[in-house]
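# Observations on the model geometry
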Amino acid sequence: MSERPANFNAGPATLPEEVLEEAAAAMLDYGGTGISIAELGHRTDAFETIIGEAGADLRSLLDLPPEYMVLFLPGGARGQFAAVPINLARKTDIADYAVTGSWSKQAAAQGRRYVHRVKHAVTPVSTDTDIYVPPASEWKLSDNAAYVHITPNETIDGVAFDDLPDTDAPIVSDESSRLLSQPLDITRLGIAYASAQKNVGPAGLAIVIVHEDLAQKPRKITPDVWNYNTQAKQDSMVNTPPVVSIYIAGLVLKWLIKQGGVEAIAEVNKSKATMLYNAIDESTLYVNSVRARNRSRMNVPFNFTRPELEAAFYEQAAHERLVNLEGHRSVGGARASLYNAMPMLGVTRLVEFMKAFEAAHS
Ligand SMILES: *Cc1c(COP(=O)(O)O)cnc(C)c1O
């Protein structure tokens, strides 16, 4: 491993080193043009190639059928919290939300501004020692929801689920911290959107995969930059797109293809997560109370049975170049994010450090 620290931040998150090296060179001279990637015009052939290849690579990585459109939109996933209702629902509609953690709670609150009623179809069961999401077959869905919104990987809470409700309403999935970490069956979904900053690239960019039928009914108030139909017709260039972010996301997609694609990286991700959860479960200092079925492979939060050791843990971890292990400010505790670009060696080093730290304090 290089001199770079292992960065466990939840987002903006670690990126592959070879991607950063290529982007660094392009910052001064993109492809021998003498022009920086930050200076490249979006109406150039060069950028059309960049955005075209990024879209095509995403399609091939996720095996997307032609009736799904790929959009690169401004405003991250939070922008989509508003874009979804104003593209899919009328003011008089009901929208169902699976409120399974911190991010879906915010998505539901934002959605509430634009529809008549938001129904919380499910909430997690949570005690000090047991956290889980009831199976989708038990969710309480409305008969006539405009859509059902899910967040299958809750980045802050480390809660994940794979099952989908049986419904005729389109399912909209906030895939921010899961996209490209495991295979995705898009045909079960109407929309999958993701903030790029977790698994794909720099912050500020949203990747939106939307079924063409759903893009047809925006409201009058829908801003052009978040109007799926308008953006699709103009190749995501209604606004000047974030050229540098799309360029770097494109490099990450090519890197992922080189790693063997989504199936291959999913196996690595499984191994990384298993290694860390085993270390937590075998220890008496670290605890994670999420049921096995609902444990996130991307974001692994853990608490300390002796909270007085927590500050020393972060300090000594940083000394070992294991950084950004502090959990989200809203929930406390520690959290290690294990996105695609976190190498196995980073997780091995973390587990070794955790064991040594516990031994030294027992
Ligand atoms: C990070 C995250 C968001 C917000 O992303 P922004 O880039 O800040 O808009 C929304 N949902 C989930 C699940 C996330 O992980």
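In what follows, the structure referred to is the one given above.
Attention here is on the structure that accompanies the text.

Rules used throughout
Residues take numbers from 1 onward in each chain, read along the sequence in its written order. The predicted origin of the model limits local features to residues at a pLDDT of at least 70 and limits the giving and counting of side-chain atom pairs to 80 or more, whereas totals for whole chains, interfaces and linings rest on all residues. To obtain the side-chain values, all non-hydrogen atoms of the structure were included, while hydrogens and water were left out. Counting from the N terminus, the helices are the DSSP runs of H or I reaching at least four residues and the strands are the DSSP runs of E reaching at least two. C-alpha atoms define the radius of gyration in this analysis, and the globule rule sets the expected value at 2.2 Å times the number of residues to the power 0.38. Accessible area is worked out with a 1.4 Å probe on protein chains only. A residue is then buried under 20% of its type maximum, exposed over 50%, and partly exposed in between. Contacts were defined at the residue level, with two residues in contact if any of their heavy atoms lie within 4.5 Å. One heavy atom suffices: a residue is near a molecule or strand as soon as one of its heavy atoms comes within 4 Å of it. N or O atoms closer than or at 3.5 Å make up a polar contact, with two conditions inside protein: a donor-capable atom paired with an acceptor-capable one, and, for residues adjacent in sequence, both atoms drawn from side chains. We get accessible surface area from the Shrake-Rupley algorithm with a probe of 1.4 Å; when it comes to residues, only the shown protein chains can shield them. Following the grouping adopted for this structure description, the nonpolar residues are Ala, Val, Leu, Ile, Met, Phe, Trp, Tyr, Cys and Pro, the charged ones are Asp, Glu, Lys and Arg, and the polar ones are all others, Gly among them. A strand pair is defined by DSSP finding two or more bridges across the two strands. Axis definition: a line fitted to C-alpha atoms, limited for helices to the stretch in contact. Angles are taken between N-to-C directions and run from 0 to 180 degrees.

Along the backbone of the protein chain there are 9 helices and 16 strands. For 362 residues, the compact-globule estimate of 2.2 N^0.38 gives 21 Å, and the C-alpha radius of gyration of the protein chain, at 21 Å, lies within 12% of that figure. Summarising its shape, the C-alpha atoms of the protein chain cover approximately 65 × 60 × 30 Å along the three principal directions. Burial statistics for the protein chain: of 362 residues in total, 55% are counted as buried. Taking the intrachain contacts of the protein chain between residues at least 6 apart in sequence as the baseline, contacts between residues at least 24 apart amount to 66%.

The next thing to look at is the site of the ligand. Of all residues adjacent to the ligand, which total 14 residues, the nearest are Thr-155, Asp-174, Ser-195, Gln-197 and Lys-198. The backbone of Arg-78 places a nitrogen or oxygen atom 2.9 Å from an oxygen atom of the ligand. Contact distances for the ligand include 2.8 Å between an oxygen atom and a side-chain N or O atom of Gln-197. Alone, the ligand offers 390 Å² of accessible surface; in the complex the protein occludes 90% of this. Top contributing element to the shell around the ligand by residue count: helix H3 (residues 76-88), with 4 residues. Its residues assigned to classes, the shell around the ligand shows 3 nonpolar, 8 polar and 3 charged.

To continue, consider the side chain of His-42. Locating His-42 in the fold gives a position in the loop between helix H1 (17-28) and helix H2 (45-62). In terms of polar contacts, His-42 uses its side chain to reach the side chain of Arg-43, at 3.5 Å. In this view, His-42 contacts Phe-47, Met-237, Thr-240, Pro-241 and Val-243; residues no more than four positions away in its chain are not counted.

What follows deals with the pairing of strand E14 (residues 299-304). Of all 6 residues in E14, 5 are buried, a share of seventy percent or more. When strand E13 (residues 286-287) meets E14, the two strands line up antiparallel, connected through 2 bridges. When the bridges of E14 are listed, Val-287 appears paired with Asn-303. The pairing of E14 with strand E16 (residues 334-337) spans 4 bridges and is antiparallel. Residue pairing for E16: Phe-302 is matched across the bridge by Ala-334.

Here we come to helix H4 (residues 102-111). Residues three or four positions apart in an α-helix share a direction because the helix packs 3.6 residues into each turn. Within H4 the residues assigned to the buried category are Ser-102, Trp-103, Ser-104, Ala-107, Ala-108 and Gly-111. The elements touched by buried residues of H4 are H3, strand E3 (94-98), strand E4 (117-122), strand E7 (148-150) and strand E8 (153-154).

On to the sheet that holds strand E12 (residues 205-211). Taken in spatial order, the 7 strands line up as E2-E12-E11-E10-E7-E3-E4 in an open sheet, and their pairing is mixed. Here the strands that pair on one side only, and so sit at the sheet edges, are strand E2 (68-74) and E4. Taking the axes of each pair of neighbouring strands and ignoring which way they run, one obtains an average angle of 20° across the sheet. In terms of strand pairing, E3 meets E7 through 2 bridges, oriented parallel. Residue pairing for E7: Tyr-97 is matched across the bridge by His-149. Sheet strands touched by H4: E3, E4 and E7. Its angle to E3, the strand with the most contacts, is close to 170°.

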